[in-house]
Amino acid sequence: MALGLEAKLGESVLTTKLDVVVNWGRQYSLWPMVFGTACCAIEFMSAAASQLDISRWGAEVVRFSPRQADLMLVCGTISYKQAPILKRIYEQMPEPKWVVAMGACASSGGVYDNYCTVQGIDEIIPVDVYISGCPPRPEAVLDALMKIQDQIKGESVLEDRHKDFKGILD
Amino acid sequence: MNNTALELIQGAFPGAACEAVIDSVVITVQPAEVEKTLSRLKNEPSLDFGLLLDVTAIDYLDYPTKQEARFCVVYTLRSWAKNLVVQVRIPVADPEVGIPTATHLWESANWGERETFDQYGIHFQGHPDLRRILNHWQFEGHPLRKDYVIDHRQVCYESDSLEKEIKARLALKGVDDATMKDINTEIMFLNIGPAHPATHGAIRILTALDGETVVANVNEIGYLHRGFEKTAEQRTYNQVIPLTDRLNYCSSMMNNVAYAKAVESWLGIEITDRAKFMRVILSEFYRALDHLVCLAALFVDMGGLTNYWYLYNEKESAYDLISRLTGARLTSSFTRIGGMYRDFYEGWETDLENQLQAIEKGVQDSLGLVAKNRIVHDRSQGICVLPGDRALQYGFTGPNLRASGVEFDLRKDSPYYNYDAFDFSVPVGSNGDLYDRIMVRFEEIFQSISIVRQAMKMIPKGPVNVADNQVCLPPKAEVYDNIEGLASHFKLVFEGVQTPAGEWYDSFEAANGELGFHFVSDGSGQPYKCKVRPPCFYTMGGFHEMVEGEMIADAVINLSSINIIGGELDR
Ligand code: SF4
């Protein structure tokens, strides 16, 4: 039973808000760019392989070209030597984009509290979801994916995200 | 063995100070003598130390006993045919002046000395390309010096262009602007990595191309340098074990075993028979897993994606087995100094056998697709060849060296943990091409499975930890009920296993080759220095020679065929 405007337009027309329909599309077709540097990337491979099958969330189209991706998964330790590259690739991704920090290293430097390791990638780029663990189980990657989907649901296409972010390389 | 080796070296160098340490001979020489000593060690047929395993330095700034000089450079050499290891120590009075390079003797000295320069700031006179290798080019100071504070972080704002290096390499190959004008073309520079799927991690490969052919290649590593060695100096011996997981994370348990074995060899601990067998079983199981991942990724690069599912799925289900045993899928941390974390669980034997059968099936399925496949043959036979003598020059070990026809395997040549009791063969290639590297790994999987089965039949019952409260945590009943148990528990946890002062090197045949640990102990429960001899690092040092003259697409497969693992490469 349609109500309001839809009642007048008949069975074949649905009305909705732009935000809702765009976000619906974004949620279920996230294209990950896997920035895999270390051990955590192996666990991402497991999340993508057949047992856990990331395609159930519509995120199986792994792109290694940042220009074709909208979800950056940082899996592994980021050293200061790697940091400018991380930033560059993030900047090459078109808006809107989301970032997941997978594992203790990407989130906080992990066990590597030393001269060469960035103490969390949020010193370089803005992060939306953090996954704990060293390494996290692959299920945790799926959990993070659902968190991103939830987050997308509440966003507006009219607003820029992370406008005022300033990292150590900016 | 010690004595004959010691006599041999002492006989050859009557004036030098020699001593035998575990399985190696340590000889101390002054900088003026270095060149002569090293070249004799390498070239005299009676000595024949053709394999330079590692170069490192020691900073004695905080060392309790006074040494001749603050720094000391150590070359670790192996005569693979005679199965001898010798360490040449050279006290360095002034790091700025340094010592003469050994790059004219071994190609592997190139990267080894660069690392020593980067980490300790020691100059090598005459080195063709002495610049940083692990730390970034904007880094100041030398992190492994004892006066470098561990958390003094230095930001890198820009990547190195490598323009100078690639141009130098081109010039070395005789390609300059005039040649290019002659053939009426231009060199194209193509940069792959450090964030590129083909590099399987963070490695940067810069190539100069003529069409699709690689004319010159230089590589940059260090993108995953995580300061393992500096961090290890701040931990007790047992606390380092979780860090070793993260070296070669595709075969974490082998690193655990190699590390524990190295510490135990110095402590003089004979671990229990059951622990030895457990270590063999788990190491061989992980060797198979490591090769599975390597081959799975390799065939993806070659365009045979189906193999990935056959091979990787078995690795994935093996994780379930491993997490049942250790509690973790990837980062096992399963050994302890003096034994193992715990025994196999009940039902392990059946689970393991099922898993072995599944691996065999997966590998057979994959072999069915590739063994007689014309495309695989055409793309791998005679491609990216490295002959045995060149492989030795670059310090190759393990399956990559064996693929080049050198039959060297520590499990056969210097057996530990009863390896001589098992019936297995060491597959050897004949050409050192891509095909040999692939097939050697396939065959090693079958050999490892066979060793696991033999060991499961032979494994005796008994404890998995040595009954020594100075080394292993006492049983909980003792900790709760008597004061001595409690005290040793506390002492072990807080201070670590007390290790007599000294320096030693110990090695292990890991999935990628010789994984060595060079320790310096000041007598406390924390290593004064803990240097890893990573097989990948030296393999990568020879990469350019394998790919120059080949097609760019083959260079990508070549990288997967030598199985470079970032964690171990950059530490
Ligand atoms: S969080 Fe742990 S598993 Fe992940 S990259 Fe860091 S050390 Fe490796």
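Here the structure is a predicted model, which means the values were calculated and not measured.

1. A look at the pattern of salt bridges
All names here are of chain B.
Consideration 1: If you walk through the whole model with that rule in mind, you get 46 salt bridges over all chains.
Consideration 2: For D378, the salt bridge is made with R374, and the minimal N-O distance between the two is 3.2 Å. Here D378 pairs with R374, and both are found in helix 12 (residues 374-380), just 4 residues apart, close to one helical turn.
Consideration 3: On the accessibility criterion, D378 (45% relative accessible area) is partly exposed.
Consideration 4: Taken together, the shared-partner salt bridges in this structure form one network comprising E284, R287, R402, D409, R411, E444 and E509.

2. A few points about the side chain of D54(B)
Residues and elements named next belong to chain B.
Consideration 1: Within the element layout of this structure, D54 appears in strand 3 (residues 51-59).
Consideration 2: A polar atom in the side chain of D54 sits 2.9 Å from the side chain of K531.
Consideration 3: A distance of 2.6 Å separates the side chain of D54 from the side chain of Y538, its partner in a polar contact.
Consideration 4: Contact partners of D54, with chain neighbours within four places excluded, come to V74, Y75, T76, K531, V532, R533 and Y538.

3. Some thoughts on helix 16 (residues 434-458) of chain B
Consideration 1: Between its terminal C-alpha atoms helix 16 of chain B stretches 36 Å, which fits the 36 Å expected from 25 residues at 1.5 Å a residue.
Consideration 2: Burial of helix 16 of chain B is extensive: 18 of the 25 residues sit out of reach of the surface.

4. As for the interface of chain B and chain A
Consideration 1: With 49 residues of chain B in contact, the opposing surface of chain A contributes 35 residues.
Consideration 2: Buried area between chain B and chain A, summed over both chains or domains, comes out near 3,700 Å², and the portion from carbon and sulfur atoms is 61%.
Consideration 3: Contact with chain A buries surface across chain B, with R153(B), R226(B) and R329(B) losing the most and accounting together for 18% of the total.
Consideration 4: Inspection of the chain B/chain A interface yields 3 salt bridges.
Consideration 5: Notably, a salt bridge pairs E43(A) with R329(B), separated by 2.6 Å at the nearest N-O pair.
Consideration 6: Linking chain B to chain A there are 17 residue pairs in polar contact (both at pLDDT 80 or more).
Consideration 7: Mapped by element, the contributors of at least two residues to the side of chain B that touches chain A are helix 6 (228-232) and helix 10 (305-326) of chain B.

5. Here's the deal with the pairing of strand 4 (residues 71-79) of chain B
Residues and elements named next belong to chain B.
Consideration 1: Most of strand 4 sits out of view: 9 of its 9 residues are buried.
Consideration 2: By the alternation rule, side chains of strand 4 split into F71, V73, Y75, L77 and S79 and C72, V74, T76 and R78, which are all buried.
Consideration 3: Examined bridge by bridge, strand 3 and strand 4 share 8 bridges and lie antiparallel to one another. The residue of strand 4 that forms the bridge with T56 is V74.
Consideration 4: Across 9 bridges, the pairing between strand 4 and strand 5 (residues 84-92) is antiparallel. Along strand 5, the bridge assignment pairs S79 with L84.

6. Details of the site of the ligand
All names here are of chain A.
Consideration 1: Lining the immediate environment of the ligand, one finds 14 residues, of which C39, C40, A104, C105 and C134 sit closest.
Consideration 2: Elements with a minimum of two residues in the shell around the ligand: helix 3 (39-48) and helix 5 (103-108).
Consideration 3: It is helix 5 that provides the largest number of residues to the shell around the ligand, a total of 3 residues.
Consideration 4: Among the residues forming the shell around the ligand, the class breakdown is 8 nonpolar, 4 polar and 2 charged.

7. Some remarks on the nonpolar core
All names here are of chain B.
Consideration 1: Formed by 138 residues in total, the largest nonpolar core has its most connected members in Y259, F299 and F517.
Consideration 2: Split by domain, this core shows at least three residues from each of two domains, domain 1 (3-125) and domain 2 (249-468).
Consideration 3: Ignoring any residue separated from it by four or fewer positions in sequence, one finds F299 in contact with G304, L305, N307, L311, S366, V370, V376, I438 and F442.

8. Observations concerning the domain arrangement of chain B
Residue and element names in this part refer to chain B.
Consideration 1: Entries for chain B in the domain assignment read domain 1 (3-125) and domain 2 (249-468).
Consideration 2: A separation of 31 Å is found between the C-alpha centroids of domain 1 and domain 2.
Consideration 3: At the interface, 14 residues of domain 1 touch 15 residues of domain 2.
Consideration 4: Summed over both partners, the interface of domain 1 with domain 2 comes to about 1,200 Å²; 61% of that surface belongs to carbon and sulfur atoms.
Consideration 5: Ranking the residues of domain 1 by area buried against domain 2 places L51, W80 and E107 at the top, with a combined share of 48%.
Consideration 6: Linking domain 1 with domain 2 are 1 salt bridge, by the criterion used here.
Consideration 7: A salt bridge links E107 to R390; the shortest N-O distance between them is 3.0 Å.
Consideration 8: For the pair domain 1 and domain 2, the number of links is 5 residue pairs in polar contact (both at pLDDT 80 or more).

Parameters at a glance
Residues numbered from 1 in each chain as written. Chains lettered and ligands numbered in written order. Predicted model: local features only at pLDDT ≥ 70, side-chain atom pairs only at ≥ 80, totals over all residues. Heavy atoms only, no water. Salt bridge = Lys/Arg side-chain N within 4 Å of Asp/Glu carboxyl O. Helix = DSSP H or I, 4+ residues; strand = E, 2+ residues; numbered from the N terminus. Buried < 20%, exposed > 50% of the residue type's maximum accessible area, 1.4 Å probe, protein only. Polar contact = N/O pair within 3.5 Å; in protein donor to acceptor, adjacent residues only side chain to side chain. Contact = heavy atoms within 4.5 Å. Expected span 1.5 Å × (residues − 1). Buried area = accessible area lost by both parts, 1.4 Å probe. Pairing = 2+ DSSP bridges. Near = heavy atom within 4 Å. Nonpolar A, V, L, I, M, F, W, Y, C, P; charged D, E, K, R; others polar. Core = buried A, V, L, I, M, F, W, Y, C linked by side-chain atoms within 4.5 Å. Domains from an automatic or database assignment.

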